[in-house]
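# Topology and contacts: notes
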Amino acid sequence: MIKGAGGRWLVAALAASAVLASGCSNTVDTAELPGVYRSTATGSEILLDSDGTFSATDMSTDSASAPADFSGRWEFVDSESSSDFVYLTVEDGGLGNVNGVQLYPGGPGTLEFRTPDEPPSLVLTKVAAP
């Protein structure tokens, strides 16, 4: 049991921190993730299928790599220690030695390629299926 003014302050501080942290989290509805995402700037496109597979067309994960087509499996990773992300397991070798790619939810209907502390290198917005 926590006693005294110092103990009450600690409990109040922890409660306030929990409220602030919960207000800052970006909630992702995983049922809404499947769909077609496209970059209007580059024409890059990725399809996240509801069966856990994906296909990417004309994608470049950074400014140094040429656009490529690749496919594989995807899963949402609800990370407690860092930002949540969509992990793409590349299965067809379309990215050479790269076996996986992380996409970060950037807000409702958007996924981003980004590295920590950097702006997104590519923003994909969910569009109506063709």
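The structure this text deals with has already been given above.
The structure reproduced in this document is the subject of the present report.

Rules of the game
- Residues numbered from 1 in each chain as written.
- Predicted model: local features only at pLDDT ≥ 70, side-chain atom pairs only at ≥ 80, totals over all residues.
- Heavy atoms only, no water.
- Phe/Tyr/Trp six-rings, centres within 6.5 Å; stacked < 30°, edge-to-face > 60°.
- Helix = DSSP H or I, 4+ residues; strand = E, 2+ residues; numbered from the N terminus.
- Buried < 20%, exposed > 50% of the residue type's maximum accessible area, 1.4 Å probe, protein only.
- Salt bridge = Lys/Arg side-chain N within 4 Å of Asp/Glu carboxyl O.

### Details of the packing of aromatic side chains
Using the criterion set out here, one finds two aromatic pairs in the structure. Ring geometry for Phe-54 versus Phe-70: centroids 5.9 Å apart, planes at 75 degrees, classification edge-to-face. Taken together, the positions of Phe-54 in strand β3 (residues 53-59) and Phe-70 in strand β4 (residues 68-77) put the pair 16 residues apart, joining distant regions of the chain. Taken as a pair, Phe-54 and Phe-70 share a single burial class, namely buried. With 5.9 Å between their ring centres and 55 degrees between their planes, Phe-85 and Tyr-104 make a pair best called tilted. Here Phe-85 is found in strand β5 (residues 85-90), whereas its partner Tyr-104 is found in strand β6 (residues 100-107), with 19 residues between them in sequence. Residue Phe-85 is classed as buried on the basis of its relative accessible area of 12%.

### A word on the pattern of salt bridges
One pass over the structure, following the stated rule, counts one salt bridge. Between Glu-45 and Arg-38 there is a salt bridge, and its shortest N-O distance comes to 2.5 Å. Relative accessible area serves as the criterion here: at 30%, Arg-38 is assigned to the partly exposed category.

### Points about unusual backbone geometry
With phi around 55 degrees, Asp-58 is a residue other than glycine that occupies positive phi space. Secondary-structure assignment places Asp-58 in strand β3. In this structure Asp-58 comes out as partly exposed when scored by relative accessible area, which is 34%.

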